[in-house]
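Single-letter residue listing:
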Amino acid sequence: MNQQSKLIFGNWKMQLTVKESVRFAEALKVYEPNPKLTVGVFPSFAAIDRVRDALGDIPVILGAQDCFWEEKGPYTGEVSPSELINLGCSHVLVGHSERRMHLGETDLMVQKKIAAAQKAGLTPVFCVGEKYEERAAKQWTTVLTTQVGNGLDGIELSGTEQIVIAYEPVWAIGTGKACDPGEAREAHAFIRSLLVERYGTDRAFRHFRLIYGGSVEPRNIGSFMTDEGIDGALVGGASQKAASFLALLEAAAK
Ligand code: PGA
């Protein structure tokens, strides 16, 4: 991962069939790699291997939307981090708010997934963010302190491994109401300060990249890209059609 480039990750959620995912990956072949960007897509488990084949050698990171914390065993429906590596993934989303909300994923589960992903050699994309009521009650710093602290509990960093933290305020996801860039900047700076406190300045910058997610679209991505404290974007809706994802990449590279 190029430290200087901005990360643009597309979270396809459960929105595309395998066929649609493959068609999308093929459509990405027209994308001319730009050193300013590191691009990634996160298809559903069912589509990962077909998307990998369709992407061929174009420089697009392949990620999964979740993983389990054990490597093998009686865990019906789960997928291990090393199996994702075998499928060609280098990244995995962990703790997305939709999983926290619909599947009851807790900070402890998120922490175990981050540890397991890291152990297997995957880069976790660790999602955090406050709900609307929490922002309205001015509790967002408390929420982020808890989520970041619990998620990284016991996580050691050495060597070259990376963790991406995606700040995704829940009220901005899928609503068309992106966070104000000033508020996003403030939240990213706050998360960075938590990392500095925990790991020291050098490791907080060397091992972590912080990206924003929540209603990022071609029309507003520029306002997040120009901010030095924001290393990129995790995009849902606008990443789920090839034309809009390509428009997003073009806008991000300006
Ligand atoms: P959105 O989703 O871009 O549709 O708001 C972002 C996400 O859920 O990661």
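*Asks:* Can you help me understand the site of the ligand in this one?
*Replies:* Near the ligand there are 13 residues, and of these Lys 13, His 96, Glu 168, Gly 174 and Ser 215 occur at the shortest range. Partitioning the shell around the ligand into residue classes produces four nonpolar, seven polar and two charged.

*Asks:* Help me understand helix H7 (residues 140–151), please; the structure alone is not making it clear to me.
*Replies:* An α-helix turns once per 3.6 residues; consequently, residues spaced three or four apart project the same way. An ideal rise of 1.5 Å per residue puts 16 Å on twelve residues; H7 measures up with 16 Å between its terminal C-alpha atoms. Among the residues of H7, Trp 140, Val 143, Leu 144, Gln 147, Val 148, Gly 149 and Gly 151 are the ones counted as buried. Buried positions along H7 lie against helix H4 (97–102), helix H5 (107–120), strand S5 (123–128), helix H6 (132–136), strand S6 (163–167) and helix H8 (181–199).

*Asks:* Looking at this structure, I do not really get the nonpolar core. What am I missing?
*Replies:* Within soluble globular proteins, side chains that are nonpolar generally end up buried alongside one another. Grouped together as the largest cluster of nonpolar side chains are 69 residues, with contacts concentrated most on Leu 152, Ile 165 and Leu 195. Here this core gets seven residues from one element, more than from any other, and that element is helix H11 (residues 242–253). Dropping the residues within four chain positions of it, Leu 195 is found in contact with Val 148, Leu 152, Ile 165, Gly 200, Ala 204, Phe 208 and Leu 210. Counting eleven residues, the second largest nonpolar core, distinct from the first, contains Phe 9, Leu 93, Val 164 and Ile 211.

*Asks:* I'm lost on the packing of aromatic side chains in this one. Help?
*Replies:* Describing an aromatic ring pair means giving the distance of the ring centres and the angle of the ring planes. Across all of its chains, the model carries nine aromatic pairs by this definition. For the ring pair Trp 12 and Phe 24, a centre distance of 4.4 Å and an interplane angle of 25° mean the geometry is stacked. Within this pair, whereas Trp 12 is found in the loop between strand S1 (6–11) and helix H1 (18–27), its partner Phe 24 is found in helix H1, the two being separated by twelve residues in sequence. With respect to burial, Trp 12 and Phe 24 carry one shared label: buried. Seen from their ring centres, Tyr 199 and Phe 208 are 5.3 Å apart, and the 40° between their planes marks the pair as tilted. Each member of the pair, Tyr 199 as well as Phe 208, carries the same accessibility label: buried. Through successive ring pairs, a cluster of aromatic residues spans Trp 12, Phe 24 and Phe 245. The side chain of Arg 192 reaches across the aromatic face of Phe 205, ending 4.5 Å from its centre.

*Asks:* Mind showing me how you'd approach the packing of H5 against H7 here?
*Replies:* Helix packing for two helices is described by the angle between their axes and how far apart those axes are. At their nearest, the axes of H5 and H7 sit 8 Å apart, and the two run at 45° to each other. The orientation of H5 relative to H7 falls into the category oblique. Listed contacts from H7 to Asp 107, Gln 111 and Ile 114 of H5 are Thr 146, Gln 147, Asn 150 and Gly 151. Residues that form the contact of H5 with H7 fall into these classes: one nonpolar, five polar and one charged.

*Asks:* Help me understand the pattern of salt bridges, please; the structure alone is not making it clear to me.
*Replies:* For side chains bearing opposite charge, pairing can occur when the charged atoms are close. One pass over the structure, following the stated rule, counts 14 salt bridges. Asp 53 is the salt-bridge partner of Arg 52, the closest N and O atoms lying 3.1 Å from each other. Overall, the relative accessible area of 31% leaves Arg 52 in the partly exposed class. By relative accessible area, which is 53% here, Asp 53 ends up exposed.

*Asks:* Which parts of the structure should I look at to understand the sheet that holds S6?
*Replies:* Paired through backbone hydrogen bonds, the strands of a sheet run either parallel or antiparallel to each other. In spatial order, the strands read S1-S2-S3-S4-S5-S6-S7-S8; together these eight strands close into a barrel with parallel pairing. If you compare each strand with its neighbour and ignore which way they point, the axes differ by 25° on average. With three bridges connecting them, strand S2 (residues 37–42) and strand S3 (residues 60–64) associate as parallel partners. Looking across to S3, one finds that Val 39 is bridged to Val 60.

*Asks:* Please clarify how the packing of H1 against helix H2 (residues 48–55) should be interpreted in this entry.
*Replies:* Relative orientation of the contacting elements H1 and H2 amounts to 20°, with a least axis distance of 8 Å. Between H1 and H2, the interaxial angle falls into the category roughly parallel. Between H1 and H2 the crossing geometry is right-handed. Contacts between H1 and H2 pair Val 18, Ser 21, Val 22, Ala 25 and Glu 26 from the former with Arg 50, Val 51, Ala 54 and Leu 55 from the latter. Taken together, the residues of the contact of H1 with H2 sort by class into six nonpolar, one polar and two charged.

Reading the values: the criteria
- Residues numbered from 1 in each chain as written.
- Predicted model: local features only at pLDDT ≥ 70, side-chain atom pairs only at ≥ 80, totals over all residues.
- Heavy atoms only, no water.
- Near = heavy atom within 4 Å.
- Nonpolar A, V, L, I, M, F, W, Y, C, P; charged D, E, K, R; others polar.
- Helix = DSSP H or I, 4+ residues; strand = E, 2+ residues; numbered from the N terminus.
- Expected span 1.5 Å × (residues − 1).
- Buried < 20%, exposed > 50% of the residue type's maximum accessible area, 1.4 Å probe, protein only.
- Contact = heavy atoms within 4.5 Å.
- Core = buried A, V, L, I, M, F, W, Y, C linked by side-chain atoms within 4.5 Å.
- Phe/Tyr/Trp six-rings, centres within 6.5 Å; stacked < 30°, edge-to-face > 60°.
- Lys NZ or Arg CZ within 6 Å of the ring centre and 35° of its normal.
- Axes fitted to C-alpha atoms, helices over the stretch in contact; angles between N-to-C directions.
- Parallel < 35°, antiparallel > 145°, perpendicular 65-115°, else oblique.
- Salt bridge = Lys/Arg side-chain N within 4 Å of Asp/Glu carboxyl O.
- Pairing = 2+ DSSP bridges.
- Left-handed = near helix turned anticlockwise from the far one by under 90°.

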